[in-house]
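# Topology and contacts: notes
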Amino acid sequence: MIVRLIIRRMFFLVFVLLGLSIVTFALSHLVPSDPARMIAGPRASKSQVEKIREQYGLNDPVAIQYVDYVKGVVQLDFGTSFTSRKPVRDDMSRYLPATLELGLYAFLLSTLVGVPLGVISAVKRDSWIDHISRFVSITGLALPVFWLAIVVQFFFFAKLNKFPDGQRLSADIEPPRRITGLYTVDSLVTGQWHIFFDAWWHLILPVAVLTYGSLAVVTRMVRGGMLEVLNQDYIRTARAKGLTSNSVIYRHALKNALLPTVTQLGLQVGLLLSGAFLVEMVFSWPGIGRYAVDAIQRTDYNAIMATTLVIAVIFVMMNLVVDILYLFLDPRIDYA
Amino acid sequence: MTEQASTQEPIASQNDATLANGGAAPVRMGASGSQTRRNLHRFLVKNRLNLAGLVIVSLFFILAIFGSVLAPHSAYQQDIKHAKLLPPSTEHWMGTDELGRDVMSRIMVGARYSLQVAAVVLTFSVLFGTLVGAVAGFFGGLVDEILMRFTDMFLAFPALVLAIAIAATLGQNLTNTMIALATVFWPWYARLVRGQVLAVRERDYVDAGRSIGMSNTRLMFKHILPNCISVVIIQMTLDVGYAVLATSSLSFIGLGAQPPTPEWGTMMAAARNYFRDAWWYTTFPGIALTLTVLAFNLLGDGLQDALDPRSSRR
């Protein structure tokens, strides 16, 4: 039964992806009043613009343009970057792993710290740890991530000179052989420990900054969910029948409190990917966020739209994974 | 822009009552004077965070409206020769920037841009989102399906990323920032209001209204929407903070307000280049922005607790 449900989700995914492509298509083909003029640049002659219009099929009916666009995107053809003069696909494969590495560790860290912090602060309400967790969850949502990045960079790089500024590895270290593109993973697999530690050294600050906002959301959600569950009748029953406090918390309350937060984990991915734009920019981290910001400053439309689409697809896929995970975790789901 | 609110049960259900007074829906718009005062006392005095939020929000509004009058110096007047990057002093409380402009005055004047964007974005988002959500929820069926799938298209993107893409396509100025942010904010209201309407339309007083021959429009505006309003207000309060934050983020990237506009994000983008020598230049706009967002969040949370006692946010 669960397989059928997964297949159904996959079927819906096709529609979501179509929706995404319509939005990015509309943005890149319909919104600029004259995309050909954009591509050609302000100094191009009329005939040059006309040539580009013909070359990019901009004289075709909109429906045909859309079909062409989707055909290209399915084959991962996002066109050529106007600035790097290389296919956007090549740029993507170069910069995406850096963002994924950043996002992955921020996601893990915010979950691994946020969940226990939320649970403990709900169980030990008004204790010092609860105060810390509430401080984190209030400030984490309000602190502009780019400002936090600047401040952290100021203290740890400029003042203390303890951490490197930008880049994924020190200048004298060669990247490991590409397996996943994540330096920490690749260096571990190939046993190159000096690269592994150097990569971590460079990751610490940007990951810490990116984690903070997401940590706030997770902590707040878990704390709220846990408090609600702890007030339920069955918890009182469990306590009344003489179960130990730990047994009540870990066997009865925790699972029910955490289930709803699983669905929110997908949204976290969106938060982290958006944050990556700003964090990468401040830390000169060579990921697709910084790539996109550079593209924006040079009005490189193909690059901007490709980044947007790739990020949205990652977001949608992660949400699908979370949905499927939820199916396995929650026995109450109706399979009908 | 959290999804939490949409998953909660509608607040209107607390106001469940029958059609007692001539078919008026049980909306408690104004309680009696003493009760209002008691509620206000509980809201502000019992919970100091609410009070802090309210004070900062009021300050923000005052700055946004009267900032240019209250500012001790001009926000634009340059003095590169004598006043370049001066640290905080009695003359310039928050120091000066690379062109010798007073940072505090620029922050004060800059509040206006944040409020302006937030106001326009949220007005549009609430009106349009409510319209879409209400129509979808009220009519259901195919209309609901089409409208909500349309809404989902926008929700499939991480909000800030879509806003960046839209603003980048339209061009770099504050108006386009507003359009970009409105495009990513409204779908949340559509979803929120649809959920509310779905629950409220099943209530007895709506059935009663229908049975005495009320038109759909009248039912919607007099009886259904007023009972959805409190969740929208809570969400709006929280979203002012997020809109201010998003505006500054876009400006920081170079998309929103352009120099010499004293928008906070634009200021920080410039200040970033001087952060080693002039800590005050980045620090104060950052604090202003953080406090503003924080205050709206606190106030939104407080309102949520007050208006929706069953909420899990504590």
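In this text the structure is predicted, and so the values were computed from the model without any measurement. (Residues numbered from 1 in each chain as written. Chains lettered and ligands numbered in written order. Predicted model: local features only at pLDDT ≥ 70, side-chain atom pairs only at ≥ 80, totals over all residues.)

## Some details on the overall build of chain A
- Along the backbone of chain A there are 13 helices and zero strands.
- Along the three orthogonal principal directions, the C-alpha set of chain A runs to about 85 × 60 × 40 Å.
- Looking at chain A residue by residue over its 336 residues, the buried ones come to 40%.
- Residue pairs at least 24 apart in sequence account for 70% of intrachain contacts in chain A once pairs closer than 6 positions are excluded. (Helix = DSSP H or I, 4+ residues; strand = E, 2+ residues; numbered from the N terminus. Buried ≥ 20, exposed ≤ 12 C-beta atoms within 10 Å, placed from the backbone. Contact = placed C-beta atoms within 7 Å.)

## Quick look at the overall build of chain B
- From N to C terminus, chain B includes 13 helices and zero strands.
- Overall, chain B shows an N-to-C arrangement of helices and strands of α-α-α-α-α-α-α-α-α-α-α-α-α.
- Residue burial in chain B is summarised as follows: out of 314 residues, 49% are buried.
- Contacts in chain B between residues far apart in sequence, at least 24 positions, make up 70% of those at least 6 positions apart.

## Here's the deal with the packing of helix α6 (residues 141-155) of chain B against helix α8 (residues 174-200) of chain B
Residues and elements named next belong to chain B.
- One can describe the packing of α6 onto α8 by two numbers: an axis separation of 9 Å at closest approach and a directional angle of 135°. It follows that α6 is oblique to α8 by the angle criterion. Regarding α6 and α8, the two cross each other, and that crossing is left-handed. Across the interface between the two elements, M148, T151, F154 and L155 from α6 touch T183, V184, P187, A190, R191 and R194 from α8. (Axes fitted to C-alpha atoms, helices over the stretch in contact; angles between N-to-C directions. Parallel < 35°, antiparallel > 145°, perpendicular 65-115°, else oblique. Left-handed = near helix turned anticlockwise from the far one by under 90°.)

## Describing helix α7 (residues 159-170) of chain B
Residue and element names in this part refer to chain B.
- For α7, spanning 12 residues, the distance from its first C-alpha to its last is 17 Å, which sits close to the expected 16 Å at 1.5 Å a residue.
- Taken across its 12 residues, α7 has 11 buried, putting it largely inside the fold.
- Within the span of α7, buried status applies to A159, L160, V161, L162, A163, I164, A165, I166, A167, A168 and T169.
- G171 occupies a position one or two residues after α7 and carries a positive phi of about 120°. (Expected span 1.5 Å × (residues − 1).)

## What about the interface of chain A and chain B?
- Contacts between chain A and chain B engage 39 residues on the former and 39 residues on the latter.
- Contributions of two or more residues to the side of chain A that touches chain B are made by α1 (2-30), α6 (128-142), α7 (145-159), α9 (193-230), α11 (245-283), α12 (288-297) and α13 (301-329) of chain A.
- The residue makeup of the side of chain A that touches chain B, split by class, is 31 nonpolar, seven polar and one charged. (Nonpolar A, V, L, I, M, F, W, Y, C, P; charged D, E, K, R; others polar.)

## Remarks on the confidence of the model for chain A
- Across chain A, the average pLDDT comes to 85, with 98% of residues at 70 or higher.
- Here helix α2 (residues 35-40) of chain A is the element of chain A with the lowest mean pLDDT, 73, and helix α5 (residues 88-123) of chain A is the one with the highest, 92. (pLDDT = per-residue confidence, 0-100.)

## A short note on the environment of G53(B)
Residues and elements named next belong to chain B.
- For G53, the location among the structural elements is in helix α3 (residues 48-70).
- Residues G53 and V126, 73 residues apart in the sequence, show an inter-C-alpha distance of 22 Å.
- When residues no more than four places from it in sequence are discounted, the contact partners of G53 are A295, L298, L299 and G302.

## What about the nonpolar core?
- Ranked by size, the top nonpolar core spans 174 residues in total, and within it A149(A), V279(A), A163(B), I164(B), L181(B) and A243(B) carry the most contacts.
- Here this core gets 17 residues from one element, more than from any other, and that element is helix α5 (residues 103-139) of chain B.
- Dropping the residues within four chain positions of it, V279(A) is found in contact with V145(A), A149(A), P206(A), V209(A), L210(A) and W285(A). (Core = buried A, V, L, I, M, F, W, Y, C linked by C-beta atoms within 7 Å.)

## With respect to the packing of α11(A) against α12(A)
Residue and element names in this part refer to chain A.
- Relative orientation of the contacting elements α11 and α12 amounts to 80°, with a least axis distance of 7 Å. Between α11 and α12, the crossing angle belongs to the class labelled roughly perpendicular. Contact residues: α11 offers A276, F277, E280 and M281, while α12 offers G289, R290, A292 and V293.
- Split into classes, the residues belonging to the contact of α11 with α12 amount to five nonpolar, one polar and two charged.

## Remarks on unusual backbone geometry
- Here the amide bond leading from P259(B) into P260(B) is cis, since omega sits at 5°, within 30 degrees of zero.
- On the secondary structure map, P260(B) appears in the loop between α11 (229-253) and α12 (264-271).
- A positive phi is found at L76(A), a non-glycine position, where the angle reads about 60°.
- Overall, L76(A) belongs to the partly exposed group, with 13 C-beta atoms counted inside 10 Å.
- Of note in this structure, S284(A) is not a glycine but carries a positive phi near 45°.

## Thoughts on helix α9 (residues 204-211) of chain B
Residues and elements named next belong to chain B.
- Along α9, the residues classified as buried are Y205, V206 and G209. All buried residues of α9 lie within an arc of 105° about the axis, which places them on one face of the element. In α9, the exposed positions angled more than 90 degrees off the buried face are occupied by D204, D207 and S211.
- Looking at the buried positions of α9, the neighbouring elements they touch are α8 and α10 (216-224).
- Following α9 by one or two positions, G213 adopts a phi angle in the positive range, close to 85°. (Arc of directions from axis to C-beta.)

## Quick word on the confidence of the model for chain B
All names here are of chain B.
- Of all residues in chain B, 87% have pLDDT values of 70 or greater, and the mean over the chain is 84.
- Low pLDDT, under 50, characterises residues 1-31; the predicted model gives this stretch 52 contacts beyond four residues in sequence or across chains.
- Here the predicted complex scores 0.86 on pTM and 0.88 on ipTM.

## Details of the environment of D152(B)
- Within the element layout of this structure, D152(B) appears in helix α6.
- Along the sequence, D152(B) and W188(B) sit 36 residues apart, while their C-alpha atoms lie 9.6 Å from each other.

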